[in-house]
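Examination of the molecular architecture
Take a look at the letters that make up each chain.
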Amino acid sequence: MSKFPSRFPQLLALGAAALLAGCSMIPKYERPAAPVADQYPTASGWIAESAQTTTGSSATVNTPAAADIEWQTFFSDPQLRKLIDAALRNNRDLRIAVLNIEQARAQYRIRRADQFPTINAGITGSRQPNANGNGSITSSYTGGLIMTSYELDFFGRVAALKESALAQYLATEEGRKTTQISLIASVANTYLSLLADEELLAITQQTLATREESFKLSKLRFDNGVSSELDFRQAESLTEAARASLAQQVRQRALDQNALTLLIGQPLIGELAVALPAGKGLADAPMMVDVPAGLPSDLLTRRPDVRQAEQLLLAANADIGAARAAFFPRISLTASAGSASSHLNGLFKSGSYGWTMAPQLILPLFDAGRNRAGLDSANAGRDIAIAQYEKSIQTAFREVADALAGRATLGEQLRAQQAQANAEATRFKLADLRYQNGIASYLDQLDAQRALFTARQAVVQTRLAQLQSQVTLYKTLGGGWKEPPPEEALSLKVDTQLSR
């Protein structure tokens, strides 16, 4: 071991400076053009105009973008807020997404640490026969600081791997936001489905009670020979159909409640059981904040899943830089500084200090095409990432366009179906009155009763579709991941408690 000079730290500093001066082989990144139209398609004709005027669903210019509206502001129902808050704390998919961030952060730190030398403290010793053949043994002991195989990154291979790990870490963060957005929308839609289930159950129970009364009257008339068996069997059929619908609605409510339990991540007991809708309907659901659609270009910065796809594209682009650097020489450095002695008891005595430095340069000559295949794989990976990024934009565009189509037409559909239900209710009263006075046949009354039941169900289902369309539009525009400032969050909590 050579004597340790005072300029050893300067040598390490020079090596670090050479590392920082290394070039980068990463290709210049250019964001691919968005493969979608500049504007969202709009519903044409009088339906869209009627929807805008009758529902007032067109967002004002001053309305903030969906991604800037916290979910606590968008959803004004305190019960729904409580369920969403529980889901954000307990949902396992969201928990996995958060843990993926921690894992990706750790991988990035590993890659970043590769840019710096690893210095360990160690003691080594060796004993071997003397070369003169006289049977004596030569001993050598060293102890001190050891730096093993530190790569001087002149061509940016290690830096490119670090950039790739950083982009993957940022992608997992965007993935967590995407999971949260989907979770909030799923909880809201399932909650609205439960409200619809309650309303449909009430309608079915009312219809069943009415049909049971009609069935009793029809049986009495049949037993007394006033009506035919045909009328009696028709009344019986409608009654059993209502019972079947009631069983179906009870089952659907149980399924929706089970789905909500999975989303919440815990049993719906205690305060969460109180938060479930009981005796409420969709007509009782508070209004949600309307949001503007904006432009398709906004999706590039507002949608976390699109940003996630772009980060993965950046990671694939950095992998090309690492693959390119593999064609160039790789320089590594092994060094040690400390004490050396031929006797263990003299290892740390005065005057035994020294150092060694062993640089190594490896130039690829023949690898059977391994480096070329690695570069081809990296290029293909970038092309795949580009296609995935473009698809994420197209998917986002389609989802927003679908939600806008729902907003433009469901309001008019709901108005028309409500008017139809009102007309069917009047028709049933008139048909029943005509039947009771012997003017019309029992078939007319049964047909009116069946049509009224169907129309009332359609109103609830369309109202559910309209409300869920608002939730979907909020989700597809990138809303639901932003949290309010602490003081606003406290104010929302107080408002929720007061509303209860």
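Bear in mind the structure is a predicted one, so any value in this text is a computation, not a measurement. (Residues numbered from 1 in each chain as written. Predicted model: local features only at pLDDT ≥ 70, side-chain atom pairs only at ≥ 80, totals over all residues. Heavy atoms only, no water.)

**Structural notes on the overall build of the protein chain**
The criterion, for reference: Only DSSP runs of H or I covering at least 4 residues are called helices, and only runs of E covering at least 2 are called strands; the numbering of each starts at the N terminus. Burial classes: relative accessible area under 20% of the type maximum marks a residue as buried, over 50% as exposed, and values in between as partly exposed (1.4 Å probe, protein chains only). The Shrake-Rupley method, run with a 1.4 Å probe sphere, supplies the accessible areas, and residue values consider only the shown protein chains as cover.
From N to C terminus, the protein chain includes 13 helices and four strands. Scored against the burial criterion, the 500 residues of the protein chain give a buried share of 41%. Accessible area for the protein chain stands at about 26800 Å²; split by element, carbon and sulfur atoms hold 56% of it.

**Describing the environment of leucine 473**
Operational definition: Residue contacts are counted whenever heavy atoms from the two residues lie within 4.5 Å of one another.
Of note, leucine 473 is situated in helix H12 (residues 442–476). Here leucine 473 falls in the buried class, since its relative accessible area comes to 3%. Taking the C-alpha atoms as reference points, leucine 473 and glutamate 399, separated by 74 residues in sequence, lie 8.0 Å from one another. Residue contacts for leucine 473: discarding those within four places in its chain leaves Val291, Val400, Ala403, Leu404 and Arg407.

**Some words on the sheet that holds strand S2 (residues 137–152)**
Quick note on the threshold: Strand pairing is assigned whenever DSSP detects at least two bridges linking the two strands. For every element, the axis is a line fit to its C-alpha atoms; helices are fit only across the contacting stretch, and the angle between N-to-C directions ranges from 0 to 180 degrees.
Strand order in the open sheet formed by four strands is S1-S2-S3-S4, with antiparallel pairing between adjacent strands. Looking at the sheet topology across the chains shown, the edges are occupied by strand S1 (119–129) and strand S4 (353–362). Strand-to-strand twist of the sheet, defined as the mean angle between neighbouring strand axes without regard to direction, takes the value 30 degrees. Pairing of strand S3 (residues 330–341) with S4, which is carried by ten bridges, proceeds in the antiparallel orientation. Bridging from a neighbouring strand, serine 336 pairs with threonine 356 of S4.

**Section: unusual backbone geometry**
Excluding glycine, a negative phi dihedral is what most residues carry, and trans is how most peptide bonds are arranged. In this model, serine 149 sits at a positive phi of 50 degrees, which is unusual for a non-glycine residue. Residue position: serine 149 is located in strand S2. Backbone geometry at alanine 368 places phi at a positive 60 degrees, although glycine is not the residue there. In this structure, alanine 368 sits in the loop between S4 and helix H11 (370–436).

**Some words on the environment of glutamate 198**
Filter applied, for reference: Within 3.5 Å is the distance limit for a polar contact, defined as a pair of N or O atoms, with the added protein rule that one can donate a hydrogen and the other accept it, and that residues adjacent in sequence qualify only through two side-chain atoms.
Note on placement: glutamate 198 falls in helix H6 (residues 157–223). Spatially, the C-alpha atoms of glutamate 198 and alanine 278 are 7.1 Å apart, while their sequence positions differ by 80 residues. Those residues within four positions of glutamate 198 in sequence are excluded, and the remaining contacts are Arg253, Pro277, Ala278, Gly279 and Lys280. Side chain to side chain, glutamate 198 and arginine 253 meet in a polar contact 2.4 Å long.

**As for the packing of H11 against H12**
For any two helices packed against each other, one specifies the crossing angle of their axes together with the interaxial distance. Keep this limit in mind: To sort the angles, those under 35 degrees are grouped as roughly parallel, those over 145 as roughly antiparallel, those from 65 to 115 as roughly perpendicular, and the leftovers as oblique. Whether a crossing is left-handed or right-handed is set by the direction in which the near helix is turned from the far one by less than a right angle, anticlockwise for left-handed and clockwise for right-handed. Side-chain classes are defined by residue name, with Ala, Val, Leu, Ile, Met, Phe, Trp, Tyr, Cys and Pro counting as nonpolar, Asp, Glu, Lys and Arg as charged, and the others, Gly among them, as polar.
Between H11 and H12, the shortest axis-to-axis distance is 7 Å and the interhelical angle comes to 160 degrees. As summarised for this structure, H11 and H12 are arranged roughly antiparallel, according to the angle between their axes. When the axes of H11 and H12 are compared, the crossing they make is left-handed. Residue classes in the contact of H11 with H12 are distributed as 19 nonpolar, twelve polar and nine charged.

**A closer look at the side chain of asparagine 317**
When you line up the elements, asparagine 317 lands in helix H10 (residues 304–325). Those residues in contact with asparagine 317, other than ones at most four positions away along the chain, are Ile26, Pro27, Lys28, Tyr29 and Arg382.

**Brief notes about the nonpolar core**
Cut-off, in case you're wondering: What is meant by a nonpolar core is a set of buried Ala, Val, Leu, Ile, Met, Phe, Trp, Tyr and Cys residues, joined one to another through side-chain atoms within 4.5 Å.
Ranked by size, the top nonpolar core spans 58 residues in total, and within it Phe75, Leu83, Val187 and Ile264 carry the most contacts. Here this core gets twelve residues from one element, more than from any other, and that element is H6. With near-sequence residues (within four places) excluded, valine 187 lies in contact with Leu80, Leu83, Ile84, Ala87, Leu260, Leu263 and Ile264. Judged by nonpolar contacts, the second largest core, of six residues, contains Tyr150, Ile331, Leu333 and Ala335.

**Re empty space enclosed by the protein**
We count it as follows: Each cavity reported here is a set of points on a 1 Å grid over the protein atoms alone in which a 1.4 Å probe fits but cannot get out, each pocket an open set with protein on both sides within 12 Å along at least five of seven lines, and each lining residue one with an atom within 4 Å of a point. Grid points are joined across faces, edges and corners, and a volume is the space filled by probe spheres set on the points.
By the definition in use, this model includes three cavities of 30 Å³ or more. Its boundaries defined by the atoms lining it, the largest cavity holds a volume of some 90 Å³. Lining the largest cavity are 14 residues, and of these Asp77, Leu80, Leu192, Pro286 and Met288 lie nearest its centre. Every element with two or more residues in the lining of the largest cavity is listed here: H6 and H12.

**Quick word on the packing of aromatic side chains**
Quick note on the threshold: Centre distance within 6.5 Å is the pairing criterion for rings of Phe, Tyr and Trp, where only the six-membered ring of Trp is used; planes under 30 degrees apart are then read as stacked, over 60 as edge-to-face, and the remainder as tilted. A ring has a charge above it when a Lys NZ or an Arg CZ is no more than 6 Å from the ring centre and no more than 35 degrees off the ring normal.
Here the structure, examined in full by the defined rule, presents eight aromatic pairs. Between phenylalanine 155 and phenylalanine 328 the ring centres are 5.0 Å apart and the planes differ by 20 degrees, which places this aromatic pair in the stacked class. Separated by 173 residues along the polypeptide, phenylalanine 155 in the loop between S2 and H6 and phenylalanine 328 in the loop between H10 and S3 bring together distant segments of the chain. A residue is classified by how much of its surface remains accessible, and phenylalanine 328, at 34% relative accessible area, is partly exposed. In this structure an aromatic cluster arises from ring pairing among Phe74, Phe75 and Tyr474. In this arrangement the basic side chain of lysine 177 is found over the ring face of tryptophan 481, its NZ or CZ atom lying 4.2 Å from the centre.

**Digging into the confidence of the model for the protein chain**
Put simply, the rule is: For every residue, the predictor states its confidence as a pLDDT score lying anywhere from 0 to 100.
Mean pLDDT over the protein chain works out to 84, with 87% of the residues at or above the 70 mark. Averaged over each element, pLDDT in the protein chain is lowest for helix H2 (residues 46–55) (41) and highest for H10 (95). Predicted confidence is poor over residues 1–21, with pLDDT under 50, and the contacts of this stretch with residues over four places away or in other chains come to 33 contacts. For the stretch residues 45–60, pLDDT sits under 50, and the model shows 25 contacts to residues farther than four places along the chain or on other chains.

**Looking at the pattern of salt bridges**
To be explicit about the condition: Salt-bridge detection follows one rule: a side-chain nitrogen of Lys or Arg within 4 Å of a carboxyl oxygen of Asp or Glu.
Counted under the stated rule, the structure contains 26 salt bridges. One salt bridge connects arginine 243 with glutamate 240, and the closest N-O pair in it is separated by 2.6 Å. One end of the pair, arginine 243, and the other, glutamate 240, are both in helix H7 (residues 229–264), three residues apart, so they sit about a helical turn from each other. Arginine 243 gets classed as partly exposed once you look at its relative accessible area, which sits at 36%. Look at the salt bridges and you will find they share partners, linking Glu424, Arg427, Asp447 and Arg450 into a network.

**Some remarks on helix H5 (residues 92–113)**
Basically, it comes down to this: Here the expected span of a helix is defined as 1.5 Å times the quantity of residues minus one.
Relative to the 32 Å expected for 22 residues at 1.5 Å per residue, H5 spans 31 Å between its end C-alpha atoms, a close match to the ideal helical length. Two or three places before aspartate 93, at the opening of H5, asparagine 91 has a side-chain oxygen 3.0 Å from that residue's backbone nitrogen.

**So, a nonpolar patch on the surface**
Test applied: Each patch is built from salt-bridge-free residues with over 30% relative accessible area, joining like charges within 9 Å and nonpolar side chains (Val, Leu, Ile, Met, Phe, Trp, Tyr) within 5 Å.
On the surface, a nonpolar cluster with roughly 540 Å² of combined accessible area is contributed by Leu361, Leu363, Leu365 and Phe366. Mapped onto the elements of the fold, leucine 363 is located in the loop between S4 and H11. On the basis of relative accessibility, which here comes to 46%, the residue leucine 363 falls in the partly exposed class.

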